[in-house]
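Reading the structure
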Amino acid sequence: DLGHPIVTDSPTGNGQQIDVDVFTDPVSGKSYLYWGNGYMAGAELNEDMVSIKKETITVMTPEGGTLQDYAYREAAYVFYRNGLYYFMWSVDDTGSPNYHVAYGTSTSPLGPIKVAKNPVILIQNPEKEIYGPAHNAVLQVPVTTLPIILTASILMPAFVEPIFTDEQTKSVSLKACGILSIRA
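Residues numbered from 1 in each chain as written. Predicted model: local features only at pLDDT ≥ 70, side-chain atom pairs only at ≥ 80, totals over all residues. Heavy atoms only, no water.

Describing the packing of aromatic side chains
Condition: Note on aromatic pairs: the rings of Phe, Tyr and Trp (six-membered ring only in Trp) are paired at centre separations within 6.5 Å, and the planes decide the class, stacked below 30 degrees, edge-to-face beyond 60, tilted for the rest. Numbered from the N terminus, helices here are DSSP runs of H or I no shorter than four residues, and strands are runs of E no shorter than two. We call a residue buried when its accessible area falls under 20% of the maximum for its residue type, exposed when it is over 50%, and partly exposed in between, using a 1.4 Å probe and counting protein chains only.
Going through the model one piece at a time under the given rule, you end up with seven aromatic pairs. Where Tyr34 meets Phe87, the ring centres are 5.9 Å apart and the plane angle is 80 degrees; that geometry is what we call edge-to-face. Remark: Phe87 occurs in strand S6 (residues 84–91) and Tyr34 occurs in strand S2 (residues 31–35); sequence separation between them is 53 residues. Considered together, Tyr34 and Phe87 belong to a single accessibility category, that of buried residues. On the basis of an interplanar angle of 10 degrees and a centroid distance of 5.0 Å, the ring pair of Phe79 and Tyr86 is categorised as stacked. Among the residues examined, Phe79 registers a relative accessible area of 9% and is labelled buried. A relative accessible area of 9% places Tyr86 in the buried class. Clustering of aromatic rings is evident, with ring pairs tying together Phe23, Tyr80 and Tyr85.

Have a look at this one:
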């Protein structure tokens, strides 16, 4: 514990400095910090990994969107695949039945982000009593070439599902999992 936050001020003048994600770019080897509630910001981390290069702070909030599709709320997550940086984020509020994950891509780790044509990739499934999936992570598992999305919901421990079919991104059909099983 540093005893103080890495980011103290909002680059937009509003919102909260929460929900951080650290991403190390496999292309450049540089590491980045992403954060924000009400906005998405990113910055390159210094070599100490506990401070940012302030001159690289970039507001990256995807423009437009509604609470039904991709209006940014919080919880940015970044991964790299086949020449593109994938950005995922939570939309709406944790108490909303509409709380979900949207995504977009960029050719740079600091944007700009091009929102996907069908941006909603992860949403609740009330018929299966799965509520509140939003904050998420993506794993690259050695037994498969397909990245796998992982999330926890309000009532269930975790969900695992491949998010690509060949080279196509797909929406995820959520299933409750007690023990995570990985399949190609």
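Observations concerning the sheet that holds strand S5 (residues 72–81)
The following threshold applies: Pairing between strands requires that DSSP locate at least two bridges from one strand to the other. Only the stretch in contact is used when fitting a helix axis, every axis being a line fitted to C-alpha atoms; angles between N-to-C directions are given from 0 to 180 degrees.
As summarised here, the arrangement of the four strands in space is S5-S6-S7-S8, forming an open sheet in which the pairing is antiparallel. Since the sheet does not close on itself, it has two edges, and those belong to S5 and strand S8 (114–123), each with one partner. Taking the axes of each pair of neighbouring strands and ignoring which way they run, one obtains an average angle of 25 degrees across the sheet. Sheet topology places strand S7 (residues 100–106) next to S8; five bridges connect them, and they run antiparallel. In the strand pairing of S8, Thr105 is matched with Lys114.

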